Amino acid sequence: MKVKSLGYVVIETRDLASWSRFATETLGLMPAPSPHEDVLLFRMDDRPFRFWIQRGERDAFVRPGWEFATEEAFRAAVERLGAAGRPVELGTAAEAKARQVAAIARSSDPAGYELEIYHGRFLDYAPFQSPSGVSRFVTGEAGELGLGHVVLAALNFDDVHAFYKDVLGFGDTDLGRFFLAGGGADDPGVGFAFLHAQNARHHSLALGQLPPNESRLVHMMVEVASVDDVGRALERAQKNEVRISSTLGRHVNDKMLSFYIRSPSGFDIEYGCHGLQIDPATWVTTTSLPVSDWGHVWARPESEG
Ligand SMILES: [Fe+2]
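Residues numbered from 1 in each chain as written. Predicted model: local features only at pLDDT ≥ 70, side-chain atom pairs only at ≥ 80, totals over all residues.

(A) Inspection of the sheet that holds strand β17 (residues 292-295) at higher detail. Spatially, the nine strands line up as an open sheet ordered β10-β11-β12-β9-β13-β16-β15-β14-β17, and their pairing is mixed. The open sheet terminates on both sides in strands that have one partner only, identified here as β10 (171-178) and β17. This sheet shows a mean twist of 25° between the axes of neighbouring strands, independent of strand direction. Relative to strand β12 (residues 205-208), strand β9 (residues 149-153) runs parallel, the two sharing four bridges. Of the residues in β12, the one forming a bridge with Val151 is Ala206. (Pairing = 2+ DSSP bridges. Helix = DSSP H or I, 4+ residues; strand = E, 2+ residues; numbered from the N terminus. Axes fitted to C-alpha atoms, helices over the stretch in contact; angles between N-to-C directions.)

(B) Seen up close, the pairing of strand β14 (residues 244-251). The sheet contact formed by β14 and strand β15 (residues 257-262) spans four bridges and is antiparallel. Counted as the bridge partner of Gly249 is Ser258 from β15. As consecutive antiparallel partners, β14 and β15 are separated by five residues, and within that stretch Lys255 has a phi angle of approximately 60°, a positive value.

(C) Seen up close, helix α4 (residues 157-166). Among the residues of α4, those classed as buried are Phe157, Val160, His161, Phe163 and Tyr164. Around the axis of α4, the buried residues are gathered within 160° of arc, so they sit on the same side. For α4, the exposed residues set more than 90 degrees away from the buried face come down to Asp159 and Asp166. Those residues of α4 hidden inside the fold are in contact with β11 (190-196) and β12. (Buried ≥ 20, exposed ≤ 12 C-beta atoms within 10 Å, placed from the backbone. Arc of directions from axis to C-beta. Contact = placed C-beta atoms within 7 Å.)

(D) Structural detail: the nonpolar core. Core analysis: the biggest nonpolar cluster contains 75 residues, and Phe51 and Leu207 have the highest contact counts within it. Other than its neighbours up to four places away in sequence, Leu207 contacts Leu152, Ala154, Phe157, Val160, His161, Phe192 and Ala193. (Core = buried A, V, L, I, M, F, W, Y, C linked by C-beta atoms within 7 Å.)

(E) Molecular detail of the sheet that holds strand β3 (residues 39-43). The mixed open sheet is built from eight strands, whose spatial order is β2-β3-β4-β1-β5-β8-β7-β6. Only two strands of the sheet have a single partner each, and these edge strands are β2 (30-32) and β6 (89-90). Bridging between β6 and strand β7 (residues 103-108) involves two bridges; their strand directions are antiparallel. Following the sheet pairing, Leu90 is matched in β7 by Ala105. Contacting β7 and β8 (114-119), helix α2 (residues 71-83) runs over the sheet at an angle of about 150° to β8.

(F) Structural context of the environment of Asp109. Its place among the elements puts Asp109 in the loop between β7 and β8. Residue Asp109 is classed as buried on the basis of its C-beta count, with 23 C-beta atoms lying within 10 Å. Measuring from C-alpha to C-alpha, the distance between Asp109 and His161 comes to 9.6 Å, with 52 residues separating the pair along the chain. Not counting residues up to four positions away in its chain, the partners in contact with Asp109 are Leu115, Val160, Phe163 and Tyr164.

(G) Structural view of helix α5 (residues 227-239). Counted at 1.5 Å a residue, the expected span for α5 with its 13 residues is 18 Å, and the 18 Å between its end C-alpha atoms agrees. Within the span of α5, buried status applies to Asp229, Val230, Ala233 and Ala237. In an axial view of α5, the angular spread of the buried residues amounts to 100°, which keeps them on one side of the axis. Opposite the buried face of α5, by more than 90 degrees, sit the exposed residues Glu235, Gln238 and Lys239. For α5, the secondary structure elements touched by its buried residues are α1 (16-27), β13 (219-224), β14, β15 and β16 (268-273). One or two steps after α5, the chain reaches Glu241, where phi turns positive at roughly 55°. (Expected span 1.5 Å × (residues − 1).)

(H) Spatial organisation of the pairing of β7. Sheet topology places β7 next to β8; six bridges connect them, and they run antiparallel. Across the sheet, Ala103 pairs through a bridge with His119, a residue of β8. Where β7 hands over to β8, the hairpin turn is made up of five residues, of which Gly112 adopts a positive phi near 90°.

(I) Highlighting unusual backbone geometry. In this model, Lys255 sits at a positive phi of 60°, which is unusual for a non-glycine residue. By the secondary structure assignment, Lys255 is in the loop between β14 and β15. By the C-beta count within 10 Å, which is 15 here, Lys255 ends up partly exposed. Of note in this structure, His274 is not a glycine but carries a positive phi near 65°. Position of His274 among the secondary structure elements: in the loop between β16 and β17. Using a count of 18 C-beta atoms within 10 Å as the deciding quantity, one classes His274 as partly exposed.

Keep in mind these values describe shape, not function.
And the structure:
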């Protein structure tokens, strides 16, 4: 009855045209037919979409769509959300059809972040083809690894951490403490939790004990098949004058070789390869202190120019 994977993300933007260019020319996602003129859909595998970009009043992350493997698991999660005192609203048949799933429900976590859960994702049988030559996005043989991961910031870290474990069924992969202020005697460090769903991806969700930012997301990650796919994406980002938020580097805990770029909705997208895969049935939770083995040098905040 545990969450299966990160199925899709819903993102809001004031500028659909910028998102379209960013998605196709920098990320290398494939445009897919959309049900509405104010919505752009992008594929990365044989799911009908992984990115749902909607026109709106703000530039922000709206919510992730968490997949449950069966109708039974989905219904049980709806019940647990209600029992945990979270508002939960079942989607209409038309809303489920628009998301190309059998059934959908909306809720939120104790930090106020919106979320969707669903089961019964439709498949698209047209072959995936990247408009900018990405060889493959790593989502598993049958998409079971999900699209990547999302990272949320919450000051009520313990409540939010317990919610995702107890209510949605995530497991702890790594519980880190990052000394982002230099690690001196007066740096208490920041708590981080990296959580897996029921698939081999090291983490589908991470939580940081940080104040939420305006875009409502710390970052999300997509994974490609090879170092060349990462290097070519970095080259496209530079050519397209996309803000590079962090240089190339290798993370300690999930071994991801990645860089970070700023999306048109104000949050970063980590673009990487060679992420560690685990067996969620036997994994023993680790504790990582450093963030990166090498690299990942962050750009100065935009406010500082
Ligand atoms: Fe990440």
